[in-house]
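# Coordinate analysis (summary)
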Amino acid sequence: LPRKQPTVLVVCGPAQNGAIGLVCARHLRVFDYEPTIFYPKRSPDPLYRDFTTQCEKMDIPFLSYLPTEVQLINDAYNAVVDAVLGAEAEVGEGREPCAAILATLKHIRIPIVSLDVPSGWDVESGSSGGISPDVLVSLAAPKECARRFLGRQHFVAGRFLPYDVQKKFELNPPEYPGTECVVAL
Amino acid sequence: QEEAQAIDQELFTEYKFSVDQLMELAGLSCATAIAKAYPPSSFTTSQPAVLVVCGPGNNGGDGLVCARHLKMFGYQPTVYYPKRPSKPLFEGLTTQCEKMDIPFLAEFPTEPAFIDELYGVVVDAIFGFSFKGAVREPFGSILSTLERVTVPIASIDIPSGWDVEKGKADGLQPDMLISLTAPKKAAMHFAGRYHFLGGRFVPPALQEKYALNLPAYPGTDCVLQLT
């Protein structure tokens with residue numbers, strides 16, 4: 001990592017994708033990274049509120065605002081985890097604060113890791129001038145828009161899918177190495 | 001034992017972890033450790049068959065999660081789960097196993113030789129760190145059969161039947177112990193080949209508060225081999 005400290009900014013949206021980001025941040029902390037979370041619109045779901053507590057109690061700082069000055073983000077963090085919008089989001093919602101966050105993320109220079117769907121992309125047809133993540137982690141199985149992914153690494157995290165679900169949806173996942181829960185495609 | 005219970009309590013009440021979350025991470029650690037110590041290629045049985053014996057409490061729940069992950073890692077687990085709590089957590093875990101075609105035995109094999117022939121490893125998920133007092137049936141008979149089994153036994157957290165602090169010289173002698181969160185005092189009496197640490201979820205602040213002095217886990221692994 002280019003910065004002295006293994007800092008990572010985790011940007012969490014208001015729904016499930018954001019909650020997954022919270023869990024990710026907690027594990028990054030266990031893995032000795034220094035995550036910081038930006039979670040402007042918090043879900044009322046009790047499970048997701050508990051995820052927030054777990055992060056807070058693990059001394060993961062929560063930013064009160066996202067700098068619009070992109071250089072500040074580039075300087076402070078090594079990478080950004082995009083956990084803003086997932087496959088459930090509708091295109092062109094343009095609702096704050098997601099739209100503003102995405103506008104900022106479009107201009108950052110440090111790598112972005114998107115969870116499941118690059119936020120702001122249409123889940124099927126992909127992006128038109130949206131963010132360009134460096135790494136995509138497809139959850140369960142790659143979404144249609146993953147075909148348009150042009151970044152460096154595409155992982156799938158779907159080892160938990162029972163065999164009959166895989167068959168039913170004709171997922172044909174690759175072999176996972178050893179006991180790993182992700183595989184690079 | 002009290003410290004282990006205190007840590008658990010803090011994780012649930014202060015940190016707001018759910019039992020589901022920690023049980024999933026614990027069970028995954030167990031399966032991962034077993035896969036490292038007994039890879040499928042090391043089995044002499046024609047399939048990498050594993051018997052998972054689940055007790056009536058959380059240790060049994062850890063076993064159910066472990067069985068499910070073992071299946072995903074390419075093993076052929078079979079579960080024996082005689083006393084099932086009627087709580088959604090355990091019912092859900094059981095359903096997940098059933099729907100993944102993991103068979104549940106109706107009866108426990110009566111002879112150790114039957115177990116030795118059919119399975120390459122037995123996972124002991126009967127009693128955990130909350131165990132106190134006398135062993136109730138059917139677990140007494142199960143443990144006496146397991147004590148005479150020759151295939152390796154991997155115990156989750158505490159070898160079942162052992163006193164959580166003092167151990168049990170004439171009890172189960174597992175080949176592998178997977179200590180969850182931190183090793184319990186009984187682990188000092190463990191004489192098997194493999195001791196792994198699992199349950200990589202203890203926040204640094206808790207580790208400090210209870211002076212756990214846990215060694216570092218390698219990379220992003222969820223288990224650490226201690227011996």
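Conventions adopted
- Residues numbered from 1 in each chain as written.
- Chains lettered and ligands numbered in written order.
- Predicted model: local features only at pLDDT ≥ 70, side-chain atom pairs only at ≥ 80, totals over all residues.
- Heavy atoms only, no water.
- Helix = DSSP H or I, 4+ residues; strand = E, 2+ residues; numbered from the N terminus.
- Buried < 20%, exposed > 50% of the residue type's maximum accessible area, 1.4 Å probe, protein only.
- Core = buried A, V, L, I, M, F, W, Y, C linked by side-chain atoms within 4.5 Å.
- Contact = heavy atoms within 4.5 Å.
- Arc of directions from axis to C-beta.
- Expected span 1.5 Å × (residues − 1).
- Pairing = 2+ DSSP bridges.
- Axes fitted to C-alpha atoms, helices over the stretch in contact; angles between N-to-C directions.
- Buried area = accessible area lost by both parts, 1.4 Å probe.
- Salt bridge = Lys/Arg side-chain N within 4 Å of Asp/Glu carboxyl O.
- Polar contact = N/O pair within 3.5 Å; in protein donor to acceptor, adjacent residues only side chain to side chain.

### Details of unusual backbone geometry
Negative phi is the rule for most residues except glycine; trans is the rule for most peptide bonds. At the junction of B:Glu137 and B:Pro138, the peptide bond is cis and its omega measures out at 5° in the coordinates. Within the element layout of this structure, B:Pro138 appears in the loop between β3 (121-125) and α6 (139-147). In this structure, A:Asp32 is a non-glycine residue whose phi angle is positive, near 75°. With respect to the helices and strands, A:Asp32 occurs in the loop between α1 (16-30) and β2 (34-38). For A:Asp32, a relative accessible area of 59% corresponds to the exposed category. The phi dihedral of B:Asp157 is positive, around 75°, even though this residue is not glycine. Mapped onto the elements of the fold, B:Asp157 is located in the loop between β4 (153-156) and β5 (176-180).

### Regarding the nonpolar core
Formed by 41 residues in total, the largest nonpolar core has its most connected members in B:Ile34, B:Tyr38, B:Val50, B:Leu64, B:Leu70, B:Val79 and B:Met176. The set of elements that each furnish at least two residues to this core consists of α2 (19-37), β1 (49-54), α3 (58-72), α4 (88-99), β3, β4, β5 and β6 (194-198) of chain B. Here this core gets eight residues from one element, more than from any other, and that element is α2(B). Those residues in contact with B:Leu64 that lie beyond four places of it in its chain are B:Cys54, B:Val79, B:Tyr81, B:Phe90, B:Leu93, B:Thr94, B:Cys97 and B:Phe104. Counting 36 residues, the second largest nonpolar core, distinct from the first, contains A:Val30, A:Tyr48, B:Ala182 and B:Tyr217.

### What to know about helix α4 (residues 98-105) of chain A
Structural remark: α-helix, 3.6 residues per turn; residues separated by three or four positions point the same way. Residues and elements named next belong to chain A. Among the residues of α4, those classed as buried are Cys-98, Ile-101, Leu-102, Thr-104 and Leu-105. Taken down its axis, α4 places every buried residue within 160° of arc, on the same side. Those residues of α4 that are buried are in contact with β1 (7-12), β2, α3 (70-76), β4 (79-83) and β5 (112-115).

### Considering the side chain of A:Gln54
With respect to the secondary-structure elements, A:Gln54 resides in helix α2 (residues 46-57). Judged by relative accessible area, which is 0%, A:Gln54 ranks as buried. When neighbours within four sequence positions are excluded, A:Gln54 is seen to be in contact with A:Arg26, B:Tyr15, B:Lys16, B:Phe17, B:Ser18 and B:Gln21.

### Quick notes on α3(B)
In this model, α3(B) (15 residues) spans 21 Å end to end at C-alpha, consistent with the 21 Å of a helix rising 1.5 Å per residue. In terms of burial, α3(B) is largely enclosed, as 13 of its 15 residues are buried.

### Section: the sheet that holds β2(A)
Residue and element names in this part refer to chain A. Reading across the sheet, the eight strands line up as β3-β2-β1-β4-β5-β6-β7-β8 and stay open at both edges, with mixed pairing between neighbours. Only two strands of the sheet have a single partner each, and these edge strands are β3 (62-63) and β8 (183-184). Taken together, the five bridges between β1 and β4 define a ladder with parallel strand orientation. Counterpart to Val-8 in the pairing with β4 is Ala-79. The strands that α1 touches are β1, β2, β3, β4, β5 and β6 (135-139); relative to β1, the one it contacts most, it runs at about 160°.

### Observations regarding the interface of chain B and chain A
Facing 18 residues of chain B, the contacting portion of chain A comprises 17 residues. For the pair chain B and chain A, the summed buried area comes to about 1700 Å², and 62% of that belongs to carbon and sulfur atoms. Three residues, B:Tyr15, B:Met72 and B:Arg200, lead the burial of chain B against chain A; their summed loss comes to 28% of the area buried on that side. The tally of links between chain B and chain A comes to one salt bridge. Close ionic contact of B:Glu14 with A:Lys57 constitutes a salt bridge, the shortest N to O distance being 3.4 Å. Linking chain B with chain A are five residue pairs in polar contact (both at pLDDT 80 or more), by the criterion used here. Take the side of chain B that touches chain A: its biggest share by element is four residues, from α2(B).

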